[in-house]
Amino acid sequence: MSTPVRRRSTPRLAAWLLAVGAVVALLLTTALANSVSAHGSVVDPASRNYGCWQRWGSDFQNPNMATLDPMCWQAWQADPNAMWNWNGLFREGVAGNHQAAIPDGQLCSAGRSSSGRYNALDTVGAWKTAPVTNNFRIKFYDQASHGADYIRVYVTKQGFNALTKPLAWSDLELAGQIGNTPASQWTPEAQGVSIQVPANAPGRTGRHIVYTIWQASHLDQSYYLCSDVDFGGGGPTTPPTTTPPTTPPPTTTPTTPPPTTPPATGRCTATYRVTNSWAGGFQGEVEVTAGTSAIKSWTVTWTYANGQQVSSSWNATVTSSGPTVTARNVAYNGTLPAGAKTAFGFLGSSTGTNTAPTPTCTATT
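How each quantity is defined
Residues numbered from 1 in each chain as written. Predicted model: local features only at pLDDT ≥ 70, side-chain atom pairs only at ≥ 80, totals over all residues. Heavy atoms only, no water. Pairing = 2+ DSSP bridges. Helix = DSSP H or I, 4+ residues; strand = E, 2+ residues; numbered from the N terminus. Axes fitted to C-alpha atoms, helices over the stretch in contact; angles between N-to-C directions. 1 Å grid on protein atoms, 1.4 Å probe; cavity = no way out; pocket = protein on both sides within 12 Å on 5 of 7 lines; lining within 4 Å. Points joined across faces, edges and corners; volume = space filled by probe spheres on them. Nonpolar A, V, L, I, M, F, W, Y, C, P; charged D, E, K, R; others polar. Phe/Tyr/Trp six-rings, centres within 6.5 Å; stacked < 30°, edge-to-face > 60°. Buried < 20%, exposed > 50% of the residue type's maximum accessible area, 1.4 Å probe, protein only. Contact = heavy atoms within 4.5 Å.

A.B. asks: I would appreciate a short explanation of the sheet that holds strand β17 (residues 341–349) in the present structure.
C.D. replies: Sheet strands pair by backbone hydrogen bonding; their relative direction is either parallel or antiparallel. One open sheet accounts for four strands, arranged β11-β12-β17-β14; its pairing is antiparallel. Lying at the two open borders of the sheet, with one neighbouring strand each, are β11 (268–278) and β14 (309–314). On average, each strand axis in the sheet is tilted by 25° relative to the strand beside it, whichever way the strands run. Strand direction decides the pairing type here: β11 and strand β12 (residues 281–290), joined by 10 bridges, are antiparallel. Residue pairing for β12: T271 is matched across the bridge by E287.

Put into structure tokens, the structure is as follows:
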């Protein structure tokens, strides 16, 4: 009599094969992640997404970002992964033909790489700037210690207006570069290595964009980084041009407390201030405060005396009629409890004198 052959049951075999496949997939995923997840960026002057991560990574849901740092705000709203992955702004297989791979207007997003993750970095506006001199250095941080085939540093030409014009290749001039430099020649960091590249941009004043191309050595992998700078330190990162008046303390103790005037019932007040300014433009903010009763909506108006014009705004709907500007609440910030505050911001243009107007506020209850 023949002895029957015992076979592994089909369900058990299938389960075993699935388990082996899962382990293999995990190992492959881990290997790939370790090889490509850590890369690098310009950290000084910070690239746009690295700067947004640096300033807001621990507080990226703070609504105050919309007025304090509006360009970062729109980038976080568009895709937070652009900041969490600040070190992954690259393209592969470009073979050195950068201008063919990346169209004008898309330089800061590396040609809308990574399925559009970084598109918001191309948005034109008042990105935060870092002060630099005409002879400066960029610091590039490489988490994976890949080294460089080369690093090229470009600066926009004098006359380029970063507040109104999308960046194009024709706007750039080469300001500095290094050739093949293995990671062993870079400066060791806690995680990875860094290197500084000298750059010279004579004749530059005011706001500009520094554009850095890092050709990594481990693969045909090209990184493209936009950093916003101010030559001379007079750009939008400077303090407001107008300072609130201060009153020195009295020399004698008053016998009665100073009078105060609370906001009228059912009304609102508005405070206007310039938060940043640069040649030909400025950034402003208006704070709205409800009176002693809750309000359902508000409208703020002011009139400019020096030909200023509002070009864009956030957290309010702003219209202009000649020198008169009218701002109305949007859907989410019109209703305010008694004494509560909200704020909206805007960008404007000016030619010389930029006297702050006195706004008026009206409300519905």
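A.B. asks: Can you help me understand the layout of surface pockets in this one?
C.D. replies: Gaps left between atoms show up when a probe the size of a water molecule is rolled over them. Put simply, the largest pocket is a space of about 470 Å³. Residue lining of the largest pocket: 26 residues in total, with N161, L163, W278, A279 and G280 positioned closest to the centre. Looking at the lining of the largest pocket, the elements that each hand over two or more residues are β9 (206–216), β14 and β17. For the lining of the largest pocket, the element with the most residues is β14, which contributes four residues. For the lining of the largest pocket, the residue count by class is seven nonpolar, 17 polar and two charged. The volume enclosed by the second largest pocket comes to roughly 250 Å³. Every residue lining the second largest pocket is counted, 14 residues in all, and those nearest its centre are P63, N64, N315, T342 and A343. Those elements giving two or more residues to the lining of the second largest pocket turn out to be α3 (65–68), β12 and β17. A per-class count over the lining of the second largest pocket returns six nonpolar, five polar and three charged.

A.B. asks: Quick question: what am I supposed to make of the packing of aromatic side chains here?
C.D. replies: Remark: the centre distance and the inter-plane angle together describe each pair of aromatic rings, the angle taken between the planes. All told, the structure shown has 24 aromatic pairs when counted by the stated rule. When the ring of W186 is compared with that of W214, the centres are 6.4 Å apart and the planes differ by 55°; the resulting orientation is tilted. In this pair, W186 sits in the loop between β6 (172–178) and β7 (187–188) while W214 sits in strand β9, placing the two residues 28 residues apart along the sequence. The same class applies to W186 and to W214, which are both buried. Seen from their ring centres, W302 and F344 are 6.4 Å apart, and the 20° between their planes marks the pair as stacked. Residue W302 is found in strand β13 (residues 297–303), and its partner F344 is found in strand β17; the two are separated by 42 residues along the sequence. A single burial state applies to W302 and to F344, both of which are buried.

A.B. asks: For this particular structure, what's the right way to read the environment of Y154?
C.D. replies: Of note, Y154 is situated in strand β5 (residues 148–156). Since its relative accessible area comes to 16%, Y154 is described here as buried. For the pair Y154 and A199, spaced 45 residues apart in the sequence, the C-alpha separation amounts to 8.4 Å. Setting aside residues up to four positions removed in sequence, Y154 forms contacts with L172, E173, L174, A175, I209, V210, Y211 and I213.

In short, shape yes, function no, at least from these values alone.
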